[in-house]
Amino acid sequence: MLEPVREVELTRDPPRRALRPSPAEAGVAANSGLTMAANALCWLELARRRGEPVLSSERVAQSLASHPVAVRRSLGLMRDAGLVTSGRGRGAGWSLTRPAEQITLLDVYDALGKERPFALHPHEPNLECPVGFGIRPVLDEVYAQVESQLSDVLAVYTVASLLEELLSKHPLPQTSAS
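In short, a report on the structure. Because the structure is predicted, anything quoted here is derived from the model rather than measured. (Residues numbered from 1 in each chain as written. Predicted model: local features only at pLDDT ≥ 70, side-chain atom pairs only at ≥ 80, totals over all residues. Heavy atoms only, no water.)

The next point concerns the overall build of the chain. In terms of helices and strands, the chain carries eight helices and two strands. Counting from the amino terminus, the chain carries its helices and strands in the arrangement α-α-α-α-α-β-β-α-α-α. Going through the 178 residues of the chain one by one, you find that 26% of them count as buried. Taking contacts inside the chain between residues at least 6 apart in sequence as the whole, the part at least 24 apart equals 60%. Accessible surface for the chain amounts to roughly 12,900 Å². Of this, 56% is attributable to carbon and sulfur atoms. (Helix = DSSP H or I, 4+ residues; strand = E, 2+ residues; numbered from the N terminus. Buried < 20%, exposed > 50% of the residue type's maximum accessible area, 1.4 Å probe, protein only. Contact = heavy atoms within 4.5 Å. Areas by Shrake-Rupley, 256 points an atom, 1.4 Å probe, with all protein chains shown as cover.)

Right, let's talk about unusual backbone geometry for a bit. At A65, a residue that is not glycine, the phi angle is positive and equals roughly 50°. As for its placement among the helices and strands, A65 is situated in the loop between α4 (57-64) and α5 (68-80).

This part covers helix α8 (residues 159-169). Along α8, the residues that are buried comprise V159, A160 and L163. Angularly, the buried residues of α8 cover 95° about the axis, an arc narrow enough to put them on a single face. In α8, the exposed positions that point more than 90 degrees away from the buried face belong to S168 and K169. (Arc of directions from axis to C-beta.)

Shown next, in the form of C-alpha cells:
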C-alpha cells in the first residue's frame, strides 16, 4: 500500500480551490476563448447577411449565453488585431472589418494572444531524475509539432466557412405554428 508523503489537514468546509485548482493554477489549458470568438464572429456575419451591419455587445452575448463584458473583452482583442471594429453610442456596436471569407480561425487564434495549447511544468522539474532531466526538451518538441499542425488546420477555416457549415449541417429547428 502506498503511504502518503505527508498528512493533510482537512477543514470542515474546504474552499473549492483547495480541492480542484483552476486550469491556470494546474498549468493546463482549458481555454474556450477561440470558441467564444468564433461564435461571436459568426453571429456578426449572420447579422450582416440579414441586414444588421452592427450588433451590440448585448446582442452578441445573447448568442453566447454569456455576459456582455466577457464579449467586449473577447471582441476587444479581435478589434486590436483588426478583425472587427466597434463604435460607441446609440445604434453603434461591433462589425467585421473585412469579408468573413478573409478571416481565418488562425487569424482569430493569433488575435487571442497565441496562448500555447500545452504548457511545460510551471516550475523546474527535478534535474537529478532521469525523467525530470529529459522530459522538457522531449515534450517541447512534441508540442511544437502539435502547434504547427494546429496552425495549419486553423488556417483552412474561415468565419464564412464555419457559418456555412453550421447553418447547413446544424440548422436551428423550426417550430411549427399552431
